[in-house]
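Listed below, chain by chain, are the residues.
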Amino acid sequence: MALLSENDRQAVRGYLANLTHRVTLLFFTQTIAGPETAQIAKQILNELAGLSDKITIEEVNFILERDRAATYGVDKIPAIVVMKDGGDTRMRFFGAPSGYEFMSLIEAIIIAGGDDSGLKPESKELIAGVTKPIDLQVFVTPT
Amino acid sequence: MAFESPNIRAACVEATEFMDLTRKYRVTGVPKTIVNGTGEILGAVPEDAFVRSVVTAGPDA
């Protein structure tokens, strides 16, 4: 049973129609004894990948590839790292991307698949002045 | 913001799946943004205010 309705699939296909770059979603998960949400995340990602030929899902075993997880700052699963043309966009999603998080993931894919963050020039100027690392964690809920 | 700067990393965290973090950061309403483990921005704030808050809560401020 698909998680996305046919209407949703059409809508999402529309949103993803203008991607110009390859977006890879690195999906960190655990296949044995992992959290239930990992299964949901996997299903959502697979359905998503089916809606655009620019999107690929690469599944990474969190237990077997600890070093790789550490490189991306992944310390909990399920986790999605959004890559653009093989490079890290520094956007992450922790937890199954359902509800609110799903639309945020779509938006992240659209940003990654294009060339503009969509932020205002004033914002970009402020951000350009950032020279030390900033780590943002945005807590959300599925409803 | 993460897309714009190599110094910024942004994660969306599902609060109900990671209760230890939700408790650690005292997340009682969403969205709640934690900056470098200490700064907090509550709610869905407009872009100007959000960017300014993040940059001023960050280590360059």
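Residues numbered from 1 in each chain as written. Chains lettered and ligands numbered in written order. Predicted model: local features only at pLDDT ≥ 70, side-chain atom pairs only at ≥ 80, totals over all residues.

### Structural notes on the interface of chain A and chain B
Facing the 36 residues of chain A at the interface are 36 residues of chain B. Every element with two or more residues in the side of chain A that touches chain B is listed here: β4 (87-94), α4 (100-112), α5 (121-128) and β5 (134-140) of chain A. Considering every element that reaches the side of chain A that touches chain B, the biggest residue donor is β5(A), with seven residues. Here the side of chain A that touches chain B is composed, by residue class, of 16 nonpolar, 11 polar and nine charged. Here β5(A) pairs with strand β2 (residues 32-35) of chain B via four bridges, running antiparallel. When the sheet's bridge partners are listed, A:V138 is paired in β2(B) with B:T33. (Contact = placed C-beta atoms within 7 Å. Helix = DSSP H or I, 4+ residues; strand = E, 2+ residues; numbered from the N terminus. Nonpolar A, V, L, I, M, F, W, Y, C, P; charged D, E, K, R; others polar. Pairing = 2+ DSSP bridges.)

### With respect to the sheet that holds β2(B)
The strand order β2(A)-β1(A)-β3(A)-β4(A)-β1(B)-β5(A)-β2(B)-β3(B) describes an open sheet built from eight strands, whose pairing is mixed. Across the chains shown, the open sheet's two edge strands, defined by having one partner strand only, are β2 (55-61) of chain A together with β3 (39-42) of chain B. Here the strands of the sheet are splayed against their neighbours by 20° on average, with no regard to which way each runs. Here four bridges tie β2(B) to β3(B), and the two strands are oriented antiparallel to one another. Each residue of the ladder has a partner; that of B:I34, found in β3(B), is B:E40. Packing against the sheet, helix α2 (residues 36-49) of chain A makes contact with β1 (23-29) and β2 of chain A, and its axis sits at approximately 165° to β1(A). (Axes fitted to C-alpha atoms, helices over the stretch in contact; angles between N-to-C directions.)

### Details of α2(A)
Residues and elements named next belong to chain A. Here α2 contains 14 residues, and its C-alpha end-to-end distance of 21 Å stays within 8% of the 20 Å for a straight helix at 1.5 Å per residue. Taken together, the buried positions of α2 are T37, A38, A41, I44, L45 and L48. Taken end-on, α2 shows its buried residues confined to a sector of 125°, consistent with a single buried face. The secondary structure elements touched by the buried residues of α2 are β1, β2 and α4. (Expected span 1.5 Å × (residues − 1). Buried ≥ 20, exposed ≤ 12 C-beta atoms within 10 Å, placed from the backbone. Arc of directions from axis to C-beta.)

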